[in-house]
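Architecture at a glance
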Amino acid sequence: LLEDMLERRLQSNVVVQTAAISACAKSSKWQTALWVLKRMEAEGLLGDVIAYSASINACKKGAAWEEALELLRGMKDAGPEPNLVVYCATMSA
């Protein structure tokens, strides 16, 4: 659905993209979730703590702990301050 929306050149924002990341996490599509996060940032939309948390959760469900840890490191560099939820999700990945 996100790709369809983008192809139609409909306006996207952090909320829409985070919803897509969350949907990926629920269906254990961690690689797609990371693609959405990277695409979001490529579009100039800065991921917030919710987007990163959802992405880390997707990695957790896919047992991709190295990617989850890398997201945490990237989050620190990108600006959003990690919260307790983010740290717990990363540790349990």
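Up top is the structure these notes are about.
The following refers to the structure shown.

Analysis parameters
Residues numbered from 1 in each chain as written. Predicted model: local features only at pLDDT ≥ 70, side-chain atom pairs only at ≥ 80, totals over all residues. Heavy atoms only, no water. Helix = DSSP H or I, 4+ residues; strand = E, 2+ residues; numbered from the N terminus. Contact = heavy atoms within 4.5 Å. Buried < 20%, exposed > 50% of the residue type's maximum accessible area, 1.4 Å probe, protein only. Arc of directions from axis to C-beta. Polar contact = N/O pair within 3.5 Å; in protein donor to acceptor, adjacent residues only side chain to side chain. Core = buried A, V, L, I, M, F, W, Y, C linked by side-chain atoms within 4.5 Å. Axes fitted to C-alpha atoms, helices over the stretch in contact; angles between N-to-C directions. Parallel < 35°, antiparallel > 145°, perpendicular 65-115°, else oblique. Nonpolar A, V, L, I, M, F, W, Y, C, P; charged D, E, K, R; others polar. Salt bridge = Lys/Arg side-chain N within 4 Å of Asp/Glu carboxyl O.

Relative to the helices and strands, S53 resides in helix α4 (residues 49-61). Aside from chain neighbours lying at most four places away, what touches S53 is V85 and V86.

Within the span of helix α6 (residues 84-92), buried status applies to V86, A89 and T90. Each buried residue of α6 sits inside an arc of 100° when the element is viewed along its axis, so together they form one side. Pointing more than 90 degrees away from the buried face of α6 are the exposed residues L84 and M91. Structurally, α6 contributes buried residues whose contacts are with α4 and α5 (65-78). Its side-chain oxygen 3.2 Å from the backbone nitrogen of V85, N83 forms the N-cap of α6.

It is characteristic of soluble globular proteins that their nonpolar side chains tend to be buried jointly. Counting 25 residues, the largest nonpolar core has I21, W30, L37, M40, I56, C59 and L71 as its most contacted members. Elements with a minimum of two residues in this core: α2 (14-26), α3 (30-42), α4, α5 and α6. Setting aside anything within four residues of it in sequence, one finds L37 in contact with I21, A51, Y52, S55 and L71.

At a minimum axis separation of 9 Å, α5 and α6 run at an interaxial angle of 150°. Our classification of the angle between α5 and α6 gives roughly antiparallel. From α5, A68, L69, L72, M75 and K76 reach across to α6, where they touch V86, Y87 and T90. Among the residues forming the contact of α5 with α6, the class breakdown is six nonpolar, one polar and one charged.

Now for the pattern of salt bridges. Side chains that differ in sign of charge can pair as their charged atoms come close. Summed over all chains, the structure comprises two salt bridges. The salt bridge involving E43 is made with R39; its shortest N-O contact spans 3.4 Å. R39 sits in the partly exposed class, given a relative accessible area of 32%.

This part is about the environment of A89. Considering the arrangement of structural elements, one finds A89 in helix α6. On a C-alpha basis, the gap between A89 and I56 in space is 6.5 Å, while along the polypeptide they are 33 residues apart. Leaving out residues up to four positions away in the same chain, A89 has contacts with I56 and K60.

Moving on to unusual backbone geometry. Keep in mind that most residues, glycine aside, have a negative phi and that most peptide bonds are trans. Positive phi is not limited to glycine here, since S28 has a value of about 60°. If you trace the backbone, S28 turns up in the loop between α2 and α3. The phi dihedral of A63 is positive, around 55°, even though this residue is not glycine. Along the chain, the position of A63 falls in the loop between α4 and α5.

Any functional reading would require information beyond the geometric quantities listed.
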